[in-house]
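Residues per chain are reported as follows:
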Amino acid sequence: MRTWRLCGELFLFQLVLVRYSIVEKILKKEKFNSLITGLKDQGYKTIAPKKDNNLIMLDEVQSADEIHLDHVQTNNSIKEFFLPKTEKILSYRMEKNKVSIEEPEGFAVKTVIFGSRPCDAASLPVMDKVFNWDCTDKFWIQRREASAIVTIACDKCDNYCFCTSVGLAPDSKEGSDVLLTRISDDEYLAETVTEKGEKLVESLGTVFTPADNPGTETLNRQVATVEKKFEIEKVKPWLDENFVHKVWAEFSTKCIGCGACTFVCPTCHCFDIVDECTMSKGDRVKNWDGCQFKMFTLHTSGHNPRSTQDQRWRQRIMHKFKYYVEKFDSILCVGCGRCSRVCPADMNISEMLEIIATENSQTGDKE
Amino acid sequence: MIEALRKKAEELLRSNTVNVIYGYGEGSTPERTRPVFITKPEDVSKLTWNKYCVYNLTTYLKRRESRKLGKPAIVVKGCDAKTIVVLIKESQIKREDVYILGVTCNGVGEPMATKCKACDVHTPRIYDELIGEKIENKEIPFEERYAELEQYEKLSEKEKWDFWQKQFAKCIKCYACSSICPLCFCDRCIVDKNQPQWIDPSAHPRGNLSWNVTRAYHLAGRCINCEECQRVCPADIPLNLLNKKLAKETEKNFKYRAGYNIDDELAMATYKEDDNQDFFK
Amino acid sequence: MSEKTKFEPRIVAFLCNWCTYAGADLAGTGRKQYQANVRVIKLPCTGGIDPLFLIKAFERGADGILVSGCHPGDCHYNSGNYHARRRWNVFRPLLEFCGINPERIQFSWISAAEGGKWVETINGVVNAVRALGPFEGYKKINAIGPDAPSESFVTN
Ligand code: SF4
Ligand code: SF4
Ligand code: SF4
Ligand code: SF4
Ligand code: SF4
């Protein structure tokens, strides 16, 4: 069952290869400042990792000094630049039997996201699928078109990272327009992944220097080694069979249903739409929502089809590793580990997947 | 101490005094522990105790999933034990509903949590069984307990507003702060009510101010300063400053500290005829 | 002349039915003049005024708020105002701690017989808030929402 997915991926990858050949350049750290200034001059808003007290946040930067590089992962994910935590989707006004609607404009600002991680970048093509599905989400799509992603490959990782278990790697190129890989203390190898990326690199002129030696494969690429924790091929078949299983409750008694995992996740995309209004006018606002909240599935009747936390936890796993795969041929998880880092109760998703993968190797022990 | 804890836990389970132990177990990393629910005597070796036992496990008293496991014995530190006092006073549980496994504690967290620096409950003030050497609870003067507030209280009005606006702007409205709080036990929070919508669910500055002020205020005279809300806030908002401010005003005005004495009347459920009113015209 | 003198503050007054509202009524029937900046919201008792009402009033554009009810000991429901007083004792410092000027939230006890005190209090609140100016801080954070000017769309 994994095979068809892999085939799909190979096919896509080949398409990219046929259409596009990578350009390699060098980016020196000392050029970061001219890079940011160059982007600003071209009218880009630049987002990069920034230190904010105890957190490392992807946020707008004005100069290279603000950029933080020495971390495993940013606390917030890349998604908020495409699907903000709160955004107005329209305003309305009612006057004498007449309703007038005003739709927001100018939300897709030219943006470069610099220094996000490969897992974050990889989440974007996965999410493109759902936002181009039954309804095309103009907010997502236009922002995607207006943005370029310049990723920095991970040179370190922690216990929570598991990109290699979900078919990615600390230097994978999925979703990036340019991939930077550290090759010395003050140099990065820049590989363009898309035409958009190539144009961006070109437009910045001398910020990037030619990789004069033709054998860039001899360079000392500093890429973290991320241990493979489980075999993803074993996950979905188990999920197909075990909607009812005692492991769901056993694992999730400690979950407090806070939903923090879904909010920091680059691939969780549920939202809620509310009207903030008075009698005659209001705004329709789209807010993040998540399946871990008990209100999420509460019916008007008072019935709640997912009335306990184990059902909600199961939903999270099922959605990511079964339903989304069935619908969109992609796993809805990039192994960034944020959900596990942030979880107040230390629910660890890769541990859950390890259990599932191991269970699958043994005979099923239901209820 | 761990051995004593495990031994007692095993005894409680074997004798059917309780059905489950809410305790701490090994976590994802050595710097982390996690809540564990032990129902079988042979599993007590999963219990642990160290300086990473930050969680206030009494929060599982409000959760249906853990309550399903039956009568609990809960491992509590001095600060956590205060929660049980408040829960009893607020008629959420009866004293006999829980078995309190009090642990003496010298501080948790790395670096050590703020609450521990001015702790006067190293030995819990309420327990059924005490695990660990008794530590004398020293009285700490009022000023010292609220010392961390000072630098914020003396800011100008504008500085205060700007500081909090910056903090609240970070809020992503995940409600982890209230989900973790053992005393935020309403089945349906005011923020989830939309007829009318009192608090905007959006994570914009207006909704965030309203939410954060309301959350803190609903814990006025109730918060026992376990600092769990601040620990879990993914946006790193210093929620504890708000809680502390309210605790300070409650203590100053009503001589009440939440969870200290089981005989004290709940500050917000009572009044005195001569309560302060110098701000009334 | 200047912006400031033109500014007319919006004051929301939360009054209890039995004392202050009746006091305000008395001022009216006695044809006493007071500044017209106040919108009155009548409630059964100060004990029923949730602090969220105050937040909501600011969200909907209030520059200042007055909460007023029966004198201690005179509550129609015996102790509602005592409970309310406890709440304001902690809520007011909380708002102040968050950077809201306490002059914008005022409290008084006004009985049904104190029409004069009502006039005096209202004028006092209006003057104090007029001196403070519009509540710019709150106006700014109302950026998304019904009272926002439509160009103030916030993208991020
Ligand atoms: S962050 Fe952890 S405790 Fe919160 S909902 Fe997610 S898994 Fe549950
Ligand atoms: S589920 Fe967890 S590990 Fe997977 S993408 Fe989301 S936050 Fe990252
Ligand atoms: S406040 Fe006291 S009892 Fe609580 S964790 Fe700190 S030292 Fe231990
Ligand atoms: S935990 Fe933090 S980010 Fe989440 S709702 Fe509470 S204050 Fe906001
Ligand atoms: S408000 Fe925070 S510190 Fe207070 S009891 Fe709740 S979780 Fe603990």
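Above: the structure in question.
Residues numbered from 1 in each chain as written. Chains lettered and ligands numbered in written order. Predicted model: local features only at pLDDT ≥ 70, side-chain atom pairs only at ≥ 80, totals over all residues. Heavy atoms only, no water.

> Just to check I follow, could you spell out the overall build of chain B for this structure?
On a plain count of helices and strands, chain B comes out with 11 helices and 5 strands. Taking 281 residues into account, the globule formula puts the C-alpha radius of gyration at 19 Å, and chain B, at 19 Å, falls close to it. By principal-axis analysis of the C-alpha atoms, chain B measures approximately 60 × 40 × 35 Å. When contacts within chain B are restricted to residue pairs at least 6 apart in sequence, those whose partners lie at least 24 apart make up 69%. Taken as a whole, chain B presents about 12,200 Å² of accessible surface, with 48% of it coming from carbon and sulfur. Where the 46 positive side-chain charges of chain B centre and where its 42 negative ones centre are 4 Å apart. (Helix = DSSP H or I, 4+ residues; strand = E, 2+ residues; numbered from the N terminus. Rg over C-alpha atoms; globule rule 2.2 N^0.38 Å. Contact = heavy atoms within 4.5 Å. Areas by Shrake-Rupley, 256 points an atom, 1.4 Å probe, with all protein chains shown as cover. Lys, Arg positive; Asp, Glu negative; His and termini not counted. Charge placed at Lys NZ, Arg CZ, Asp CG, Glu CD.)

> What's the story with the site of ligand 5 in this structure? I'm lost.
Contacts to ligand 5 come from C181, R215, L219, C223, I224, N225, C226, E227, E228, C229 and N243 of chain B. Taken together, the residues of the shell around ligand 5 sort by class into 6 nonpolar, 2 polar and 3 charged. (Near = heavy atom within 4 Å. Nonpolar A, V, L, I, M, F, W, Y, C, P; charged D, E, K, R; others polar.)

> Is there a simple way to think about the interface of chain C and chain B in this case?
Quite often, the size of an interface is put as the accessible area lost when its parts meet. With 40 residues of chain C in contact, the opposing surface of chain B contributes 45 residues. For the pair chain C and chain B, the summed buried area comes to about 4,100 Å², and 66% of that belongs to carbon and sulfur atoms. The interface formed by chain C and chain B includes 1 salt bridge. Across the pair R86 of chain C and D275 of chain B runs a salt bridge whose closest N-O atoms are separated by 2.8 Å. Taken together, chain C and chain B are joined by 16 residue pairs in polar contact (both at pLDDT 80 or more). Counting only elements with at least two residues in the side of chain C that touches chain B, the list comes to α3 (51–59), α4 (80–97), β4 (105–109) and α6 (136–141) of chain C. (Buried area = accessible area lost by both parts, 1.4 Å probe. Salt bridge = Lys/Arg side-chain N within 4 Å of Asp/Glu carboxyl O. Polar contact = N/O pair within 3.5 Å; in protein donor to acceptor, adjacent residues only side chain to side chain.)

> Honestly, the interface of chain A and chain B in this entry has me stumped. Any pointers?
Contacts between chain A and chain B engage 39 residues on the former and 41 residues on the latter. Together, the buried faces of chain A and chain B total about 3,100 Å²; carbon and sulfur atoms form 52% of this surface. Our count for the chain A to chain B interface comes out at 5 salt bridges. In this structure, the salt-bridge partner of R32 of chain B is D346 of chain A, at a minimum N-O distance of 3.4 Å. Counting the contacts that link chain A with chain B gives 23 residue pairs in polar contact (both at pLDDT 80 or more). Counting only elements with at least two residues in the side of chain A that touches chain B, the list comes to α8 (260–264), β11 (271–277), β12 (281–288), α9 (309–328) and α10 (338–342) of chain A.

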